[in-house]
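Each chain, written out:
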Amino acid sequence: MTKVANANTVVVITENAITASLGTLNEDNSPFVSLVTIASQSPTSVLMLLSSLAKHTQNLSHSVRCSLMIVEECDQSIAPLVGARVSLGGTCVRIAKDEEEEARVIFLGKHPHATVYADFDDFAFYRFEVEEAHLIAGFGRFETISADELRNR
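Residues numbered from 1 in each chain as written. Predicted model: local features only at pLDDT ≥ 70, side-chain atom pairs only at ≥ 80, totals over all residues. Heavy atoms only, no water.

Draft legend 1. Structural detail: the overall build of the protein chain. Along the backbone of the protein chain there are 4 helices and 8 strands. Put simply, the protein chain runs from its N terminus to its C terminus through helices and strands in the order α-β-β-β-β-α-β-β-α-β-β-α. In terms of overall size, the protein chain behaves like a compact globule, its C-alpha atoms giving a radius of gyration of 15 Å where 153 residues would be expected to give roughly 15 Å. Taken over the C-alpha atoms alone, the protein chain extends approximately 45 × 35 × 35 Å along its principal axes. (Helix = DSSP H or I, 4+ residues; strand = E, 2+ residues; numbered from the N terminus. Rg over C-alpha atoms; globule rule 2.2 N^0.38 Å.)

In structure tokens form, the structure reads like this:
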């Protein structure tokens, strides 16, 4: 596959995904991974609605560096490692209340069930900014793609 095709694959996987594994760092720099719901905002921006009570959100308060792993939905009859997946590296920060309207519309459009808790005091919208994507498109097919390549695909 070419770089443009790989960048397109990353964008399609991210746009179609509703969940991801969020990797954050504990205060002692040990890794912590959790499941989160996501909504793509752009080729290099992913939205999340997170509770301040969650360990991953607490981890983001002391280190915004994190990663998301998104796995493409695939036929359950095939080997799981044959399917495409992407690990996104970047930073994740809370969106200011006065700037969250677009994020709210995009996220709740993809996750209407979240309207039940979106306005709870402990919940806020977060934006993950992609710096790099590592695509695995099956056995022996992998490539690291920069944020610039994702934007300019």
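Draft legend 2. Layout of the side chain of R85. Note that R85 resides in strand 6 (residues 85–94). Dropping the residues within four chain positions of it, R85 is found in contact with I13, M69, I70, V71, H134, L135 and I136. (Contact = heavy atoms within 4.5 Å.)

Draft legend 3. Up close: the pattern of salt bridges. In total, this model carries 5 salt bridges according to the counting rule given. Its salt-bridge partner being E131, residue R65 comes within 2.9 Å of it at the nearest N-O pair. Here E131 lies in strand 7 (residues 123–136) and R65 lies in strand 5 (residues 65–71), a separation of 66 residues in the sequence. The partly exposed category is assigned to R65, whose relative accessible area is 45%. With a closest N to O distance of 3.1 Å, E100 and R104 form a salt bridge. R104 carries the same exposure label as E100, and that label is buried. (Salt bridge = Lys/Arg side-chain N within 4 Å of Asp/Glu carboxyl O. Buried < 20%, exposed > 50% of the residue type's maximum accessible area, 1.4 Å probe, protein only.)

Draft legend 4. Summary view of the side chain of S40. Locating S40 in the fold gives a position in strand 3 (residues 39–42). If near-sequence neighbours (up to four positions away) are discounted, S40 is found in contact with T14, E15, S45 and I106.

The values are spatial; any link to function lies outside them.
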